[in-house]
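This is what each chain is made of:
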Amino acid sequence: MAISQKNNLIILTSMATMAVGITIMIGWIFPGSGVLAMLPGVVMRFNAAVCFALFGSALLVSQLHFKGCHSPLFFILSLLGVLIALLTISQELFHINTGIDQLFISDNTRLTIAFPPPGRMAFNSSLSFCFLGLGYLFFCTKNRTLHIVSQYLFHTVTLIASTALIGYIYNVSLYNSLFYVTSMVFTSGVLFLLLSMVSSLLNPDLGLAAIFTGDRVGNQVARRLCTLIFLMILIFGILKLEIKNSLLFSSTDIGMAVLVICFLLAIIALIWNTAIWLNGIDAKRKLAEEEVIKINAQLEERVEQRTREYHKSEQRYHSLIQQAIDAIYVVDNDRNFTEVNDSMCEMTGYTREELLRMNAKTLLDPEELKSRPLPLLTSYIGQGPVERTFIRKSGEKFTVELNVKVFPDNRIMVIARDVTDRNKMALEVSDAELKFRTIADKSMVGIYMVQDGKFIYVNPRFAEIFDYQPEELTNTFPLDTIIYDTHREYTNQQVKLRMEGKIDSVRYETRGKKKDGSSNWVEFYGSRAVVSGVTTIIGSMMDVTERRKAEDELKASEQKYKVLFESNPMPMWMIAKDSLKIIAANDAAASHYGYTKEELINMDVTAFRLPEDREIQLLGYEDKNDKTRVVRHVKKDGTIMVVKLTTHDIIIEGRPIRLSQTNDITEQFKAEESLKKSEANLKAILNTTDTAYGLFDKDLNALMFNAKATQFIKEQYGYNPKSNSHFSDYFPTDKFPQLHKFTNKVLIKGEDINFEVNYPQEDGSTLWYYVRLFPITSDTTEILGILMALYDITERKNAEQNLKTAYKHIQGHINSIKDMAWKQSHLIRSPLANLKGLITMLKTEPDPEILHHIRTELDRMDSIIIEMAEDAGTKN
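Residues numbered from 1 in each chain as written. Predicted model: local features only at pLDDT ≥ 70, side-chain atom pairs only at ≥ 80, totals over all residues. Heavy atoms only, no water.

Colleague: Help me understand the overall build of the protein chain in this model?
Modeller: A tally of regular secondary structure across the protein chain gives 27 helices and 20 strands. Taking the intrachain contacts of the protein chain between residues at least 6 apart in sequence as the baseline, contacts between residues at least 24 apart amount to 48%. Total accessible area computed for the protein chain in this model is approximately 53300 Å², and 59% of it derives from carbon and sulfur atoms. (Helix = DSSP H or I, 4+ residues; strand = E, 2+ residues; numbered from the N terminus. Contact = heavy atoms within 4.5 Å. Areas by Shrake-Rupley, 256 points an atom, 1.4 Å probe, with all protein chains shown as cover.)

Colleague: Honestly, the sheet that holds strand β1 (residues 327–331) in this entry has me stumped. Any pointers?
Modeller: Strand pairing within a sheet occurs via backbone hydrogen bonds; the two strands may be parallel or antiparallel. Spatial strand order, β2-β1-β5-β4-β3: five strands in an open sheet with antiparallel pairing. At either margin of the open sheet sits one strand with a lone partner, and together these are β2 (337–340) and β3 (386–391). Shown here is a sheet whose adjacent strand axes are inclined to one another by a mean of 35°, direction ignored. As judged from the seven bridges shared by strand β4 (residues 397–406) and strand β5 (residues 412–418), these two strands associate in the antiparallel manner. (Pairing = 2+ DSSP bridges. Axes fitted to C-alpha atoms, helices over the stretch in contact; angles between N-to-C directions.)

Colleague: What am I meant to see in the packing of helix α2 (residues 46–64) against helix α6 (residues 186–199) here?
Modeller: Packed helices, taken two at a time, are described by their axes: the angle between them and the distance between them. Running from N to C, α2 and α6 cross one another at 20°; their axes reach a closest spacing of 12 Å. Of the possible angle classes, the one that applies to α2 and α6 is roughly parallel. The handedness of the crossing between α2 and α6 is left-handed. Facing α2, whose interface residues are Phe52, Phe55 and Leu59, α6 presents Ser188, Leu191, Phe192, Leu195, Val198 and Ser199. Looking at the contact of α2 with α6, its residues break down into seven nonpolar, two polar and no charged. (Parallel < 35°, antiparallel > 145°, perpendicular 65-115°, else oblique. Left-handed = near helix turned anticlockwise from the far one by under 90°. Nonpolar A, V, L, I, M, F, W, Y, C, P; charged D, E, K, R; others polar.)

Colleague: Please explain the pattern of salt bridges as it appears in this structure.
Modeller: Here the idea is simple: oppositely charged side chains can pair when their charged atoms come close. For the structure on display, the rule yields 30 salt bridges. Arginine 422 is the salt-bridge partner of glutamate 401, the closest N and O atoms lying 3.1 Å from each other. One end of the pair, glutamate 401, is in strand β4; the other, arginine 422, is in helix α13 (residues 420–442), and 21 residues separate them in sequence. (Salt bridge = Lys/Arg side-chain N within 4 Å of Asp/Glu carboxyl O.)

Colleague: Help me out: how do you make sense of the packing of α2 against helix α3 (residues 72–94) in this one?
Modeller: Here α2 crosses α3 at 160°, and the two axes come no closer than 9 Å. The orientation of α2 with respect to α3, classified from their angle, is roughly antiparallel. Where α2 crosses over α3, the two elements pack in a sense that is left-handed. In this structure, α2 contributes Asn47, Val50, Cys51, Leu54, Phe55, Ser57, Ala58, Leu59, Val61 and Ser62 to the contact, and α3 contributes Leu73, Phe74, Leu77, Ser78, Leu80, Gly81, Val82 and Ile84. Of the residues assigned to the contact of α2 with α3, the class counts are 13 nonpolar, five polar and no charged.

Colleague: For this particular structure, what's the right way to read the pairing of strand β18 (residues 753–760)?
Modeller: Strand residues, when the strand is regular, have side chains that alternate between the two faces of the sheet. Burial of β18 is one-sided: the residues Ile753, Phe755, Val757 and Tyr759 facing one way are buried, the residues Asn754, Glu756, Asn758 and Pro760 facing the other way are not. Pairing between β18 and strand β19 (residues 766–777): eight bridges, direction antiparallel. The partner of proline 760 across the bridge, within β19, is threonine 766. Between the end of β18 and the start of β19, which pair antiparallel, lie five residues, with glycine 764 showing a positive phi angle near 95°. (Buried < 20%, exposed > 50% of the residue type's maximum accessible area, 1.4 Å probe, protein only.)

Colleague: Is there a simple way to explain the packing of aromatic side chains in this structure?
Modeller: In this description, a pair of aromatic rings is defined by centroid distance and the angle of the planes. By the definition in use, this model includes 26 aromatic pairs. On the basis of an interplanar angle of 80° and a centroid distance of 5.0 Å, the ring pair of tryptophan 573 and tyrosine 593 is categorised as edge-to-face. With a gap of 20 residues between them, tryptophan 573 in strand β11 (residues 572–576) and tyrosine 593 in helix α19 (residues 587–593) connect regions that are remote in the sequence. It is arginine 392 that lies over the ring of phenylalanine 398; its NZ or CZ is 3.8 Å from the centre. The side chain of arginine 548 reaches across the aromatic face of tryptophan 521, ending 3.7 Å from its centre. (Phe/Tyr/Trp six-rings, centres within 6.5 Å; stacked < 30°, edge-to-face > 60°. Lys NZ or Arg CZ within 6 Å of the ring centre and 35° of its normal.)

Colleague: Help me understand the sheet that holds strand β7 (residues 454–458), please; the structure alone is not making it clear to me.
Modeller: Reading across the sheet, the five strands line up as β7-β6-β10-β9-β8 and stay open at both edges, with antiparallel pairing between neighbours. The open sheet has two edge strands with one neighbour each: β7 and β8 (505–513). Between one strand axis and the next, the sheet turns by 30° as a mean value, whatever way the strands run. Bridge count between strand β9 (residues 519–531) and strand β10 (residues 534–543): ten bridges; the pairing is antiparallel. Bridging from a neighbouring strand, valine 522 pairs with aspartate 543 of β10. Docked against the sheet, α13 engages β6 (446–451) and β7, running at close to 90° with respect to β7. The sheet contacts of helix α16 (residues 488–499) involve β6, β8, β9 and β10, and relative to β8 the element is tilted by about 150°.

Colleague: Explanation requested: the environment of leucine 193 in the structure shown.
Modeller: Looking at the element boundaries, leucine 193 is found in helix α6. Residues leucine 193 and threonine 158 lie 35 residues apart in sequence; the distance between their C-alpha atoms is 5.1 Å. With residues up to four places along the chain from it excluded, the contact list for leucine 193 reads Thr158, Ala161, Ser162 and Leu165.

Colleague: How should unusual backbone geometry be read in this particular structure?
Modeller: What you tend to see is this: most non-glycine residues have negative phi, and most peptide bonds are trans. Backbone geometry places aspartate 452, a non-glycine residue, at a positive phi of 55°. The class of aspartate 452 is exposed, set by a relative accessible area of 68%. One non-glycine residue with positive phi stands out, namely asparagine 602, at about 65°. Its place among the elements puts asparagine 602 in the loop between α20 (597–600) and α21 (614–622).

Here it is as structure tokens:
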């Protein structure tokens, strides 16, 4: 039986029982209503009706309350029914009067043998109520044994009610009562039968209910036979009564014989019907067996196909492991390598054959193993990534992130990734965060971060402005707590627009609320960012209370300083916004436009504009914001001039007035036009020069590249530069660390930096560039950005390199010559020494003058050669 069908049956039976019980109670309370006369046979007692209403209500609660039989209401209703039944049955057992019979209502029925004392239910009825109530109370527990006892208590009530109903049907009075002459009324028997059978469905897996509620063939046979037997009993009982009342047979024996024959025929029909039904089931079983055989064959074929697919999948699995970028290896239960991919070999420096002969522990840092031993294999199940220190074949240590998967056969597949650089970057980020917090904590401006409507960080200055401590504002109450009530809606709207991404940054003033409830004026500036995947507002805040006071005082004293309007050397006007009439103009306005002041008063301001500009002028008067714009004005004599118009809306005596000031910038406008032409010429020069120029803002976001720079980026990086790109996209920090230090010097200290940089090419050559970094400043020397210039000096560098090579060759030749001169000097001195010896020998026959000259020249030659030798030796 389906659960929904069972629940619906219990609910319908409980509601029917409640309806009958309440109806009989109404009939007893209102005797003249005729309700009791509608029921067949003897009328049920009031206490019995109360018990049926209580038990029907309890059964309904078990289906509708979320706690079921464990709800307090179910227990209370069951307990009340049991108490009434126990008090009633105790009167029969102990021959006492507890007063329960007429406690609720008086019963004037005369005491007879057939009727017990007035108001008292039959003994078998009170006993059935006791069994039924105890069964409900046992269901309130979680003890299975008590649940089994309760199920058989329900079956006992079913037996008592069935016996009573059979007695009524076959007119056997003995079956109506139990030990006593008082009998259960027919209505009570029907309700007890229905209520007990339905109650057994509360736990259909226990007792006899399991026989009739299952889905197996035996259960189905039991339900069919039981239903047909009940119908047979009912039909034969009715036939017996009709035969007796109509006196169809002359004797009781003939009637009984006919009844037995009919009973046998009914049994045969029942057997015939059951046999046909079982044969149908057997035929379906055979069809199902044939279908199972077919399905089994299909399954075998599918298993073979899946086996082939598995082998293909296994091949793809091995291919994926070998081609994976991350290092992947598999170890057995003893952590010996059974499979490794190429990335693992590359990461560790070992070959595949070497790793397959090794144990995974040999790759781990021994010192770390002492402090962090390897856990059991089962501990890896459900565990996230872990980090370990590995040792390469070269002896270098590095950090690896391990993702471990345990297979059913206790093999372990590990995906390893070298995270040394990542951890280094994380440490740098941590240091940067520390620096940020140090700067923020010492800042004189309030700094804040908002996530999910709350402050996740405020610096001490921010908290001080509102008389809080930083920890009082961080992750506590909503951010609008520090906003005054009248300004919360506007402030929350500004936050919402940034959180939804409709605007990136905003600057506005609002009224704040201090811890003591007093107010102040603050100016917020905040931008939208994404931190750790969460939309965040990061910004600064200043206390502008004093500034707001000054502004209010300035507005209040506006009328007192009207003289400034009159004496201003620039043309000024007061124009009524409702009529566009001039209500005041100073002397400078009259003089510059060629009118008298009397002519200007009450003059329509549209007369100063060209016809094609008047529609834009009218739209400007609808705008309530103060603006500065450049427009064309017409003098009285028709001269057209370009003016810079500055407007400010004020209220004078409740009337909206626009205060305007005009500044004739005709000459400036002409100069700007000339400047635009110059800029166009400059841009043409930049695009034709052989130097690459790149312009970046203070945050190193790219603003402009000339044609040469675009060509340089395309040649060196293989793509065209984008306007929203960053400096690090072209000069990564890991490749050009010194360059990023130079940019900080330029942007912070305003220094000009010159250096050279080289780019190795695929063909083995090297391109050299001369790089200049210098700041872009405003008239107030504020640094607005940085300009980078790159000039190709490859030819010069190659020439320098060639010159150095030639110099080395020449130097080598010179050294060779020196070596040769030194050797030659020794060769020359040797014969000279011989000559000097011969001269000494010739002294025996001397010619004084000749000998003197020979001696002199020889000495001179000797000195020269000695000097050459000494000079060569010194240089060597």
